[in-house]
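# Notes for the structure review
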Amino acid sequence: QFSKASTSQEVLAMGVCGWMEGLTQYNSPKYLRIQSVTCGCVKGFLCITVALSVCSIIISYRLYQEMDEVNSSVRTSVKGVAYTNDRIWDTAEYTIPMRASLNLMSATNSFFVMTNVIKTENQVEQRCPEYPFAKAICSSDKSCEKGSVDIHSKGKKSNRRYVNYNATVKTCEVRAWCPVESVEKPPEPAVLRSSKDFTVLIKNNIHFPKFNYTILNFPPNLNTSCTYNRITSPLCLIFHLGDILQEAKQNFSEMAVKGGIIAIEINWDCNLDSWFYDCSPKYGFHRLDDKKIKPGLYIRYARYYKSQHGEEQRTLFKAYGIRFDVFVFGTGRKFNAIELITNTGSVICCFGLVVSAIEVAIYVVNCSRWGKSPFFKIYNRKKYDTVLNPRQVMYVSYVDEPHVTLIKKPLKTSLQHAQGSIVESHPVKFCHAGSCCTSESNKNHDNEEPELMRSSESNENDDNEEYGLGQPLRQGAFSPDCRKWCCYGKCQPTQKYHEQLCCRRKKGQCITTFHWFQQLVLSSHTLKKALLYKDPFLDLTDGNINNQLRHLAYKQYILWRFGSFDLEDRAVIPSCCRWKIRDTYPKAVNNCTGFKME
């Protein structure tokens, strides 16, 4: 239990340390720069196009401003007098149906103007024949059911079953307001066709609560004798009804017969910034009801009075007219720096389209016949880094080639002859090679050796892989089998492909015979200084000092020939170099086991 608790604490501590380390680091993306006039011009053109588009979007949609919805109230007043059928129709005549329509329609921003009417006068509550519709026409008492009420009936059926409506038609008797209203078409032309000259005053107050701003559609210098005209008086709030229907592309005389519904839209698009102030209404008109499918609008209302004998009577009006619905909508805008920054950040992602467009173009060209050009070969090698399983690859470096070669497992021939791919070597490989001179006569370079030793601390492949090769052979001793893959004769014979590696690709002098190999890899003076740099209290007279010098020599060779690049622990040291190091710094008991660098 104590062990499990300790392990949990260690895991927690490692997690906290990793999190704290992440707070002190910053990862910056790596870019591939292409030196191409064509790509540069295309990128510049696309960037300018996107920049202009972004600016136009911000300005056109006013994304630099904060927005608020409008709150409004509407008041209307209709004026006009008409003379028809030997009587005067004034405001009181057609405003009564308007009030009824408001109650029925619950349209607080609407007004109703009567344009046609059918009157049924001197109605008294009594018994009379029903108006002859399909279910009311009868030929005997059996056709009429006492006390029943039909949805289309004008009243309740009485005791008498059927009576004469006229000389040819008999209907059921009903108790209703008699005489009952006749079903007939509205008069044509309309009774109040002259109402197109009526005027309506529309007052509209709006308020933007976010900006605490209120305005009325009544200009301070308004001429009260004006009437609305889209061109000459677009801000006048007095409208002729005929002009409203003309703006809605409707014929007033036709619509006045059966009525209809007209929408009056007031649009407020206000810029409340002082330097570009603009807040005035814009009016629009269109018809709401369908003039092809049961067009029209009517309401019924009655006027009650007493006869000379004290009997209650009424006049029933079936009023056709036009209902005008007033809709107010709009927005108020005002500059806000936060809105500008937020919206600019949102649209600035459009610049990513430039990179995407160029990448798509390069990909298309790369897939075409031009993709085999040297440019795209270099581009693909620079663009894509392939991550391989470390246990499935090996890296080799030949003294007569300037690059590092990657070879994949499993091997079908000797490592020396295996085909691989070129790996871009880290610059450290070559810059350190010239700075690691550690001869007795070059003390300046000698002082740089400890830093060189600290550049690479990992060689797990060379120190930990278990392979057997037998006892080491001394320099100059080699087997005839060695000649198939060894180019000089310093390598040791082996039957395992992964151990058959020479320091050279072609015939020539072995690297172990060079002065630089002696100074950079085998120099006891340099290696001891590096050990003391790491551990100042190290006892150089210890019997195991050779083991540390040998391991350090392996790392020194890898740093010299391979440099600092990923997966350097998979670097393979040539057979001649590996056995030269083992001969120089042997173990106390000579039991080296081949590929494993003990």
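Keep in mind that this is a model prediction, so the values were computed, not measured. (Residues numbered from 1 in each chain as written. Predicted model: local features only at pLDDT ≥ 70, side-chain atom pairs only at ≥ 80, totals over all residues. Heavy atoms only, no water.)

### Comments concerning the packing of aromatic side chains
Applying the stated criterion to the full structure yields 16 aromatic pairs. When the centroid spacing of 5.6 Å and the interplanar angle of 75 degrees are considered together, the rings of Tyr228 and Tyr283 count as edge-to-face. Of the two residues, Tyr228 is situated in the loop between strand S9 (213-216) and strand S10 (238-240) and Tyr283 in strand S12 (residues 281-287); the sequence distance between them amounts to 55 residues. The pair formed by Tyr228 and Tyr283 is uniform in burial state, with each residue classed as buried. Of the aromatic side chains, those joined through ring pairs into one cluster are Tyr228, Phe239, Tyr283 and Phe285. We note Arg87 situated over the ring of Trp89; from NZ or CZ to the ring centre the distance is 4.2 Å. (Phe/Tyr/Trp six-rings, centres within 6.5 Å; stacked < 30°, edge-to-face > 60°. Helix = DSSP H or I, 4+ residues; strand = E, 2+ residues; numbered from the N terminus. Buried < 20%, exposed > 50% of the residue type's maximum accessible area, 1.4 Å probe, protein only. Lys NZ or Arg CZ within 6 Å of the ring centre and 35° of its normal.)

### Side note on helix H2 (residues 37-60)
Taking 1.5 Å of rise per residue, 24 residues should cover 34 Å, and H2 covers 34 Å from first to last C-alpha, within 8% of that figure. Here H2 has its buried residues at Val50, Val54 and Ile58. Packed against the buried residues of H2 are helix H6 (337-347) and helix H7 (352-367). A distance of 3.5 Å separates the backbone nitrogen of Thr38 from a side-chain oxygen at the start of H2, and that oxygen is part of Ser36. One or two positions beyond H2, positive phi appears at Arg62, with a value near 50 degrees. (Expected span 1.5 Å × (residues − 1). Contact = heavy atoms within 4.5 Å. Polar contact = N/O pair within 3.5 Å; in protein donor to acceptor, adjacent residues only side chain to side chain.)

### As for the sheet that holds strand S15 (residues 393-397)
With respect to topology, three strands assemble into an open sheet ordered S15-S16-S17, the strand pairing being antiparallel. Either end of the sheet is taken by a strand with one partner, and the two such strands are S15 and strand S17 (421-423). Neighbour to neighbour, the strand axes of the sheet diverge by 40 degrees on average, direction disregarded. Across five bridges, the pairing between S15 and strand S16 (residues 404-408) is antiparallel. (Pairing = 2+ DSSP bridges. Axes fitted to C-alpha atoms, helices over the stretch in contact; angles between N-to-C directions.)

### Some details on the UniProt feature "transmembrane region" (unreviewed entry) in the protein
Mapped onto this numbering, the UniProt entry annotates "transmembrane region" (unreviewed entry) at residues 40-64. The distance separating the terminal C-alpha atoms of residues 40-64 is 32 Å; by composition the span is 84% helix and 0% strand. (UniProt positions renumbered as here; feature names shortened; annotations may be inferred.)

### Thoughts on the environment of Leu63
In this structure, Leu63 sits in the loop between H2 and strand S1 (65-69). Considering only alpha carbons, one finds Leu63 and Asn336, 273 residues apart in sequence, at a separation of 9.3 Å.

### Some points on the state of the cysteines
The term disulfide refers to a covalent linkage connecting the sulfur atoms of a pair of cysteines. Scanning all chains against the criterion turns up three disulfides. Across the disulfide from Cys128 sits Cys178; the S-S distance is 1.9 Å. Taking the torsion about the S-S bond as the criterion, the Cys128 to Cys178 disulfide, at about -75 degrees, is left-handed. Residue Cys128 is found in strand S5 (residues 110-129), and its partner Cys178 is found in strand S7 (residues 170-178); the two are separated by 50 residues along the sequence. Judged by its relative accessible area of 9%, Cys128 is buried. (Disulfide = S-S within 2.5 Å.)

### Re the pattern of salt bridges
Enumeration according to the criterion identifies twelve salt bridges in this entry. Notably, a salt bridge pairs Glu181 with Lys154, separated by 3.8 Å at the nearest N-O pair. Here Glu181 is found in the loop between S7 and strand S8 (199-208), whereas its partner Lys154 is found in the loop between S5 and strand S6 (156-164), with 27 residues between them in sequence. The exposure class assigned to Glu181 is buried, which follows from its relative accessible area of 6%. Taking the relative accessible area as the measure of exposure, Lys154 reaches 31% and is therefore partly exposed. Look at the salt bridges and you will find they share partners, linking Arg87, Glu93 and Arg303 into a network. (Salt bridge = Lys/Arg side-chain N within 4 Å of Asp/Glu carboxyl O.)

### Regarding the packing of helix H14 (residues 524-534) against helix H15 (residues 545-562)
Following both chains from N to C, one finds H14 and H15 inclined at 100 degrees, their axes separated by 10 Å at the closest point. As judged from the angle between their axes, H14 and H15 are roughly perpendicular. Contact residues: Leu527, Lys528, Ala530 and Leu531 in H14; Ile545, Gln548, Leu549, Leu552 and Ala553 in H15. For the contact of H14 with H15, a count of residues per class yields seven nonpolar, one polar and one charged. (Parallel < 35°, antiparallel > 145°, perpendicular 65-115°, else oblique. Nonpolar A, V, L, I, M, F, W, Y, C, P; charged D, E, K, R; others polar.)

### So, the packing of H7 against helix H8 (residues 374-383)
Direction vectors running N to C along H7 and H8 enclose 125 degrees, while the axes themselves pass 11 Å from each other. What the angle tells us is that H7 and H8 run oblique. Along this stretch, H7 crosses H8, giving a crossing that reads as left-handed. For the pair H7 and H8, the contacting residues are Glu359, Ile362, Val365 and Asn366 in the first and Phe376, Tyr379, Asn380 and Lys383 in the second. Within the contact of H7 with H8, the residues separate by chemical class into four nonpolar, two polar and two charged. (Left-handed = near helix turned anticlockwise from the far one by under 90°.)

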